[in-house]
Amino acid sequence: MSVAIIHSRAVLGVEALPVTVETHISGGLPGFAIVGMPETAVRESKDRVRSAILNSGLEFPARRITVNLAPADLPKTGGRYDFAIAMGILAASGQVDGRRLAGVELLGELALDGGLRKVFGLIPSIQAIARDRRMVVLPEANREEMNLVGHEGSRVVGSLADYVVHLHGGDDLAGPDPRQTSPACECHRGLDRIRGQQAAKRALLVAAAGNHNLLMIGPPGSGKTLLAQSLARLLPPLDSVEAMDVAAIRSVSNVRGRCPSWFCRPVRSPHHSATSPALVGGGNKAQPGEISLAHRGLLFLDELTEFKPSVLDTLREPLESGEITISRANYRLRFPARFQLVAAMNPCPCGYAGDPRHECRCSQDRIDRYLGRISGPLLDRLDIIIEVPALSHAELLAAPDDDAAAEPERLREEVATCRELQRRRAGSLNSELRGEALEDACRLSPELKQRFVNTMEQLSLSARAAHRALRVARTIADLDGSGEIRERHLLEAVGYRRCRILQSLLR
């Protein structure tokens, strides 16, 4: 056989596209050419493949070799095609039976000694191959990803020589073991005990129960960062479907969370110097940004007003749609971005506006410019806005209550129960309610509806802000065990839109 066809996969964003590796061996001066829009790492595979074949005890043909990566207009990046190219050469030169490679996709980077190295971004590829009902052979180092997906047609192998032995009738290759997908999520452990801040802790509970966006405003040292970390620990672990979505993004980005479990919710906290591409994604290789890395988890923006206004405004569309579409000259990609936004900021440049124990040194004009860095449309997309006042020294040094140790576990159970109730009722969390689902879940009595309309008019809130207040009221009612929204639930939800510091900007 002088022509061999091997199948592989390319990753573009979080999508895996089929790639056909065509290998032709012909007479003439010895040469090795790779065509089909290969980037530098793919072109350098020629040397890796040659050394791997020779060091595996196999013959590298001293003839003219042409490898075509089809489709030709799809950019090829990374070393994931090494394994397929090497097997194409061996099949085209008759050293292995190419018919045994039909219906099998190969992914892996070759070491010079013939070993297979780990490849990043394999989870979307394995998922796509499973949907196409094909087999795939991966490096042994990618066993964890194989186990997570659990595709029955996936196998792992340690080296090129081992796979050749297998094709010649050797031992079978190891398949997935779904029982050992990942260790249990331990992110809920070590919940910090928060002194005081009862109103803020109540807002945290509501935000966690309904997956609502939250903004905390307060002086330095009032505990805003600690509250955000506590909110992250209140969130329940990912279910199997959510974990697979998050794992695909982590895989293509080569990013893992602090917890070794794939079922741990991501928490991202970019520095305020982050650029728009760093936040929303893109770049030369079209990588997911921070908002996609926080998919199904929490995005914490500390010192919110220190971010550039143009960077913050890029969050407006994904906060509504749950995804981000990146259009560039050479690609157009869609990344999932259904995250919970938690932000913290000071009330003024010096940080002490409204603090009775410190004198604010900022003029009103300077404060207005400082707060004006956050646009009205972005504030409109925040469900809960609260003030976090500074604690007294007596509150900081107060001994914890006897029931404080059991409180975190109780709150986590409340959040998990409330979320399960929302999914049973509408198929989604309250923060994701839209259209008819929002009307059905948030029905108000005629009297309560009129009071709500009057309140919204007095506060000059937009239709979007009114809908978000309704969603928060629905969550408060769920926490209260009420089947319908009552006046106290609505008043609490509206109270979260009446922050004294930003009330003028919300109008």
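No experiment lies behind these values; they were computed from the predicted model shown.

Caption draft 1: Structural view of the packing of aromatic side chains. Taken as a whole, this structure holds 2 aromatic pairs when the rule is applied. Aromatic pair F32 and F60: ring centres 5.9 Å apart, planes at 45°, arrangement tilted. In this pair, F32 sits in strand 3 (residues 31-35) while F60 sits in the loop between helix 2 (45-55) and strand 4 (64-70), placing the two residues 28 residues apart along the sequence. Per residue, the accessibility class of F32 equals that of F60, and both read buried. When the centroid spacing of 5.4 Å and the interplanar angle of 75° are considered together, the rings of F83 and Y163 count as edge-to-face. Of the two residues, F83 sits in helix 3 (residues 82-92) while Y163 sits in helix 6 (residues 160-167), which places them 80 residues apart along the sequence. According to the relative accessible area criterion, F83 is buried, its value standing at 0%. The buried category is assigned to Y163, whose relative accessible area is 2%.

Caption draft 2: Local environment of the sheet that holds strand 17 (residues 340-345). Pairing is parallel across the open sheet formed by 5 strands, whose spatial order is 11-14-17-10-18. Edge strands, defined here as strands with exactly one partner in the open sheet, are strand 11 (267-268) and strand 18 (384-387). Bridge count for strand 10 (residues 214-217) against strand 17 is 4 bridges, and the pairing is parallel. Among the inter-strand pairings, L214 is bridged to a residue of strand 17, identified as V342.

Caption draft 3: Looking closely at the environment of E323. Topologically, E323 is positioned in strand 15 (residues 323-327). With a relative accessible area of 31%, E323 lands in the partly exposed category. Each C-alpha atom of the pair E323 and V280 lies 9.8 Å from the other, and the pair is 43 residues apart in sequence. At a separation of 3.2 Å, a polar atom in the side chain of E323 contacts the side chain of R334.

Calculation criteria
Residues numbered from 1 in each chain as written. Predicted model: local features only at pLDDT ≥ 70, side-chain atom pairs only at ≥ 80, totals over all residues. Heavy atoms only, no water. Phe/Tyr/Trp six-rings, centres within 6.5 Å; stacked < 30°, edge-to-face > 60°. Helix = DSSP H or I, 4+ residues; strand = E, 2+ residues; numbered from the N terminus. Buried < 20%, exposed > 50% of the residue type's maximum accessible area, 1.4 Å probe, protein only. Pairing = 2+ DSSP bridges. Polar contact = N/O pair within 3.5 Å; in protein donor to acceptor, adjacent residues only side chain to side chain.

The quantities given are spatial measurements derived from coordinates; they are silent on function.
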